[in-house]
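Residue-level structure breakdown
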Amino acid sequence: MTSQAIPGPILLLGAPGSGKGTQAKELVKLWGIPQISTGDLLRANVAKGTELGKAAKQIMQRGELVPDSLVEEMVAARLQQPDTVKGYILDGFPRTLGQAAWLDGRLAGQSGALPVVAVSIQVDYNQLLRRITGRRLCPVCQHIYNIYSQPPQRSGFCDVDGTRLVQRADDTVQVFTERMRAYWALTAPVVDHYRVMGRFTEVDGNQAVEAIAASIVAAVERLRVSS
């Protein structure tokens, strides 16, 4: 699939540390389509003070989860913008079976609209663990190291300014384990939904950035042909 082809809506999946964010940026550049993140949509609506944003803010201030119906309204409004005509990268949506069914139904009702295809970036658990728990940050220049794959020249200190490196609070084994458990609990039903429909595949995330991007492009092309 070339950059001139129409990729349609793509749900990009990947566990914490899989490089999903990096790949989303690569695909946005390649295809010239937007990345649509529900987190970004929520923040934007709240910041702009839209009616949806006001409703979401009240819900979040009560410590409650924003309901599917409200998230779906935000997504629907975003999908009406002209930059989505060729397709878009979905990030964090659909997160539930209900959201997946809503999106499928919405696209099925649009003349000529392509269905969602889902691609998951697969990385070995131990590799993910090393990527996350091995991260070290310079609090001054913000340079990021990894004690396993990209260590500093002097252990524990930044190569640039000599500042002692720190580990972020959410880069511990315990937090990573909880994040993985939550990710799979949320993702599994959605993955099964698209797998049953023949619109799901996996790519190897243990490659160079460019190679992973090429694998995703090829995967989307295969899924478009079969769906």
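Check the entry above for the structure.
Residues numbered from 1 in each chain as written. Predicted model: local features only at pLDDT ≥ 70, side-chain atom pairs only at ≥ 80, totals over all residues. Heavy atoms only, no water.

Observations regarding the environment of Ile147
Looking at the element boundaries, Ile147 is found in the loop between strand 6 (144-146) and helix 7 (173-196). It is 23 Å that separates the C-alpha atoms of Ile147 and Gln23, two residues lying 124 residues apart in sequence. Not counting chain neighbours up to four residues away, the residues in contact with Ile147 comprise Gly134 and Arg136. (Helix = DSSP H or I, 4+ residues; strand = E, 2+ residues; numbered from the N terminus. Contact = heavy atoms within 4.5 Å.)

What about the pattern of salt bridges?
Any two side chains of opposite charge can pair, on the condition that their charged atoms come close. If you walk through the whole model with that rule in mind, you get 12 salt bridges. Note that Asp40 and Arg43 form a salt bridge whose closest N and O atoms lie 2.7 Å from each other. Taken together, the residues span about one helical turn, with Asp40 and Arg43 both in helix 2 (residues 38-48) at a distance of three residues. Classification of Arg43 by relative accessible area gives exposed; the value is 54%. (Salt bridge = Lys/Arg side-chain N within 4 Å of Asp/Glu carboxyl O. Buried < 20%, exposed > 50% of the residue type's maximum accessible area, 1.4 Å probe, protein only.)

Observations regarding helix 1 (residues 20-31)
With 12 residues, helix 1 should cover 16 Å at 1.5 Å per step; its first-to-last C-alpha distance of 16 Å lies within 8% of that length. Looking at helix 1, one finds that the buried residues are Gln23, Ala24, Leu27 and Trp31. One side of helix 1 carries all its buried residues, which in axial view fall inside an arc of 105°. Exposed residues on helix 1 whose side chains face more than 90 degrees from its buried face are Lys25 and Lys29. The inward-facing, buried residues of helix 1 abut strand 1 (8-14), strand 2 (35-37), strand 3 (87-91), strand 4 (117-122) and helix 8 (209-226). Of the residues one or two after helix 1, Gly32 is the one with positive phi, at around 70°. (Expected span 1.5 Å × (residues − 1). Arc of directions from axis to C-beta.)

Some remarks on the sheet that holds strand 2
The strand order across the open sheet formed by five strands is 2-3-1-4-7, and the pairing between neighbours is parallel. Two strands lie at the open edges of the sheet, namely strand 2 and strand 7 (200-204), each paired on one side alone. The average angle at which neighbouring strand axes cross in this sheet is 30°, direction not considered. The pairing of strand 2 with strand 3 spans three bridges and is classified as parallel. Bridging from a neighbouring strand, Ile36 pairs with Leu90 of strand 3. Strands strand 1, strand 2, strand 3 and strand 4 of the sheet are contacted by helix 1, whose axis makes an angle of about 160° with strand 1. (Pairing = 2+ DSSP bridges. Axes fitted to C-alpha atoms, helices over the stretch in contact; angles between N-to-C directions.)

Details of the packing of helix 2 against helix 4 (residues 68-79)
Between helix 2 and helix 4, the least distance of the axes is 10 Å, while the angle of their chain directions is 90°. On the basis of the axis angle, helix 2 is roughly perpendicular to helix 4. Contacts between helix 2 and helix 4 involve Thr38, Leu41, Leu42 and Asn45 from the first element and Val71, Met74, Val75 and Arg78 from the second. Within the contact of helix 2 with helix 4, the residues separate by chemical class into five nonpolar, two polar and one charged. (Parallel < 35°, antiparallel > 145°, perpendicular 65-115°, else oblique. Nonpolar A, V, L, I, M, F, W, Y, C, P; charged D, E, K, R; others polar.)

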